[in-house]
Amino acid sequence: MDDKIAQRGLIVMRDPTVFLHQEYEELVKNELDWKLRILQGPSTPWCNVDGKKVLMFCSNNYLGLSNHPKLKEAAMKAIQTHGAGSGSVRPIAGTMDLHMELEKRLAEFKNAEASLVYQTGFAANAGLIPQLAGKEDLIISDELNHGSIIDGVRLSHAERTVYKHSDPADLRRVLDEAEKHSPPYRRILIITDGVFSMDGDVAPLDEIAKAGAEHGAMIYVDDAHGEGVLGEGGRGIVSHFKLGRDKVQVEMGTFSKAFGVVGGHVSGSTDLVNYAYNKSRTWLLSGSHPPAVVAACIAAVDVLESEPQHVRTLWDHTHFFKKAMKDLGFDVGRSETPITPIIVGDSGVAKKLSAKLFEEGVFALPIVYPMVARDKARIRTIMNAALKREDLDFAIGKFEKIGKELRII
Ligand SMILES: Cc1ncc(COP(=O)(O)O)c(C=O)c1O
């Protein structure tokens, strides 16, 4: 499928926009286009989607905080006291006392010397990774790392390589190989997701950190799906493995998932934070969060510290649901977290299962190639602490009924 190019004399005549239509049509033909479902109201356990009341089973709002009264109240109050927008980028005139308070509170929550808040998790990875490793350096990345890490690595001038998914032995092989490089690499940066979002498995961060330490490598973990879920009171993967800051130097995360709001962040040493905000172009050159967002994030940290029941409920629900689905004969893969994939293999079956679940009142999206291997299409369910046990029974009943109809179980 070529763009239209014609030549008149020495001048190449190009159609500047024909690819837009052609490539979109190609996606539609192959059923690879995103068909957006519209949420008509808040992201609550029972919510309105495309005019239908359904059980939310696929949001990243693990603890139900996006609709927590304390977060909503804090956001509304901040608009009254600080206005609707921040007015600028952080380094010019867009740093408010609220931004500073959030970073202080987050660092305390994370037991880190300091934290820095970015506009999104994507902006944190895309802005910071290229600054941590340059021309004389090497980045070693898990082969299944998130797209925002991949883009951050692409923006770096460092050499790059991958190790087999969550395989410390392969990481060691790559590190040993790296030591043969001449001249020796100045720095080595190892990056991994904490929880992998397609399968819900947890990176062996303790082993990764150990292997890295033997080579003086810096360890960077993206804990987007571990925060609010793993570790003491939802403090994340570094807490889960009881690793000190000397073992994992960069703990990156997001306020867009369990925290229920939006925004990326990194935590670590004061040196890391001073370096990060002076160097990350995504932080320096993009407007800061509006007051309502920042205040809601502060309230989310408050809720995590003062209401530990949400994390407990999340895990109770997770164990109950996984066991029920396994007992029914579904393949739930290697998940160890509230992300439970229901692997059905064929992408057509996954799409049918999702469509029928929706008809019956359960909202859970299919994940198909190219996001996962062609024969590993699935429904990805994500548990939510705001659900009730009877909601889980309802969803399990629907999975059983439709799973049998489609001969998956
Ligand atoms: C592992 C991982 N890292 C980073 C991000 C980006 O986070 P944000 O939504 O804050 O941009 C996501 C979100 O999909 C993610 O799953």
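Scroll up for the structure.
Note that the structure is a prediction, hence the values are computed from the model and not measured.

Conventions adopted
- Residues numbered from 1 in each chain as written.
- Predicted model: local features only at pLDDT ≥ 70, side-chain atom pairs only at ≥ 80, totals over all residues.
- Heavy atoms only, no water.
- Helix = DSSP H or I, 4+ residues; strand = E, 2+ residues; numbered from the N terminus.
- Buried < 20%, exposed > 50% of the residue type's maximum accessible area, 1.4 Å probe, protein only.
- Contact = heavy atoms within 4.5 Å.
- Arc of directions from axis to C-beta.
- Polar contact = N/O pair within 3.5 Å; in protein donor to acceptor, adjacent residues only side chain to side chain.
- Pairing = 2+ DSSP bridges.
- Patch = residues over 30% accessible without salt bridge, like charges linked within 9 Å, V, L, I, M, F, W, Y side chains within 5 Å.
- Areas by Shrake-Rupley, 256 points an atom, 1.4 Å probe, with all protein chains shown as cover.
- Salt bridge = Lys/Arg side-chain N within 4 Å of Asp/Glu carboxyl O.
- Axes fitted to C-alpha atoms, helices over the stretch in contact; angles between N-to-C directions.
- Near = heavy atom within 4 Å.
- Nonpolar A, V, L, I, M, F, W, Y, C, P; charged D, E, K, R; others polar.
- Phe/Tyr/Trp six-rings, centres within 6.5 Å; stacked < 30°, edge-to-face > 60°.
- Lys NZ or Arg CZ within 6 Å of the ring centre and 35° of its normal.

Participant: Describe the environment of Ala 133, with residues and values.
Facilitator: The topology assignment puts Ala 133 in the loop between α4 (121-132) and β6 (138-142). Classification of Ala 133 by relative accessible area gives buried; the value is 1%. Residues Ala 133 and Val 153, 20 residues apart in the sequence, show an inter-C-alpha distance of 8.8 Å. Ignoring any residue separated from it by four or fewer positions in sequence, one finds Ala 133 in contact with Ile 139, Ser 156, His 157, Ala 158, Arg 187 and Leu 189.

Participant: Provide a residue-level description of helix α6 (residues 168-178), including the pertinent values.
Facilitator: Of all the positions in α6, only Pro 168, Asp 170, Leu 171, Val 174, Leu 175 and Ala 178 are classed as buried. The arc that holds every buried residue of α6, seen down its axis, measures 155 degrees, which confines them to one face. Those residues of α6 hidden inside the fold are in contact with β6, β7 (159-163), β8 (188-193) and α7 (205-213). Among the residues of α6, the N-terminal cap falls to Asp 167, whose side-chain oxygen and the backbone nitrogen of Ala 169 are separated by 3.0 Å.

Participant: Please provide a residue-by-residue account of the pairing of strand β11 (residues 264-268), values included.
Facilitator: Successive residues of a regular strand alternate their side chains across the two faces of the sheet. Counting buried positions along β11 gives 5 out of 5 residues, so the element sits mostly inside the fold. Of the two faces of β11, the one carrying Gly 264, Val 266 and Gly 268 and the one carrying His 265 and Ser 267 are both buried. Alignment of strand β5 (residues 114-118) against β11, held across 5 bridges, turns out to be antiparallel. Across the sheet, the residue bridging to Leu 116 is Val 266, located in β11. With 4 bridges connecting them, strand β10 (residues 250-254) and β11 associate as antiparallel partners. Directly across from Gly 253, in β11, lies its bridge partner His 265.

Participant: Talk me through a nonpolar patch on the surface; I want residue IDs and the actual numbers.
Facilitator: A surface patch of nonpolar side chains, amounting to about 550 Å² of accessible area, comprises Trp 34, Leu 36, Ile 38, Leu 365 and Met 371. In this structure Leu 36 comes out as exposed when scored by relative accessible area, which is 68%.

Participant: Lay out the sheet that holds β11 in plain terms, naming residues and giving numbers.
Facilitator: If you walk across this open sheet you meet the 7 strands as β5-β11-β10-β9-β8-β6-β7, and the pairing is mixed. Each edge of the open sheet is held by one strand with a lone partner, namely β5 and β7. Neighbour-to-neighbour, the strand axes of the sheet open up by a mean angle of 20 degrees, direction not taken into account. For β6 and β8, the ladder comprises 4 bridges, and the chain directions are parallel. Across the sheet, the residue bridging to Ile 139 is Leu 189, located in β8.

Participant: Got a sec to walk through the site of the ligand? Specific residues and values, please.
Facilitator: Surrounding the ligand, one finds Thr 120, Gly 121, Phe 122, His 146, Ser 148, Asp 193, Asp 222, Ala 224, His 225, Thr 254, Ser 256 and Lys 257. Measuring from an oxygen atom of the ligand, one finds a backbone N or O atom of Gly 121 at 2.7 Å. In this structure, a nitrogen atom belonging to the ligand sits 2.6 Å away from a side-chain N or O atom of Asp 222. For the ligand, whose free accessible area comes to 390 Å², the fraction covered by protein is 84%. The class makeup of the residues in the shell around the ligand is 2 nonpolar, 7 polar and 3 charged.

Participant: Before we move on, could you go through the packing of aromatic side chains and cite the residues and values that matter?
Facilitator: In total, this model carries 8 aromatic pairs according to the counting rule given. A centroid spacing of 6.3 Å and a plane angle of 80 degrees characterise the contact between Phe 109 and Phe 259, whose relative ring orientation is edge-to-face. Taken together, the residues span a long stretch of sequence, with Phe 109 in helix α3 (residues 97-109) and Phe 259 in the loop between β10 and β11 at a distance of 150 residues. Here the two residues Phe 109 and Phe 259 agree in accessibility, since each one is buried. Through successive ring pairs, a cluster of aromatic residues spans Phe 57, Phe 321, Phe 330 and Phe 399. A cation sits over an aromatic face here: Arg 374 above Tyr 369, 3.8 Å from the ring centre. The lysine or arginine in question, Arg 389, covers the ring of Phe 320, its NZ or CZ lying 4.0 Å from the ring centre.

Participant: Quick rundown of the environment of Glu 232? Include the residues and the values.
Facilitator: Inspection of the secondary structure puts Glu 232 in the loop between β9 (218-222) and α8 (237-240). Taking the C-alpha atoms as reference, Glu 232 lies 29 Å from Ala 78; in sequence the two are 154 residues apart.

Participant: Kindly report on the sheet that holds strand β4 (residues 52-56), identifying the contributing residues and their values.
Facilitator: The strands making up a sheet are joined through hydrogen bonds of the backbone, oriented either antiparallel or parallel. Spatially, the 3 strands line up as an open sheet ordered β3-β4-β13, and their pairing is mixed. Looking at the sheet topology across the chains shown, the edges are occupied by β3 (46-49) and β13 (362-363). As paired elements, β3 and β4 share 4 bridges and run antiparallel to each other. Bridge pairing in β4 places Cys 47 opposite Val 54.

Participant: Before we move on, can you summarise the environment of Gly 83 with the specific residues and values?
Facilitator: Note on placement: Gly 83 falls in the loop between α2 (69-82) and α3. Spatially, the C-alpha atom of Gly 83 lies 8.2 Å from that of Ala 292, the residues being 209 residues apart in sequence. In this structure, Gly 83 is in contact with Ala 78 and Pro 291, ignoring residues within four places of it in sequence.

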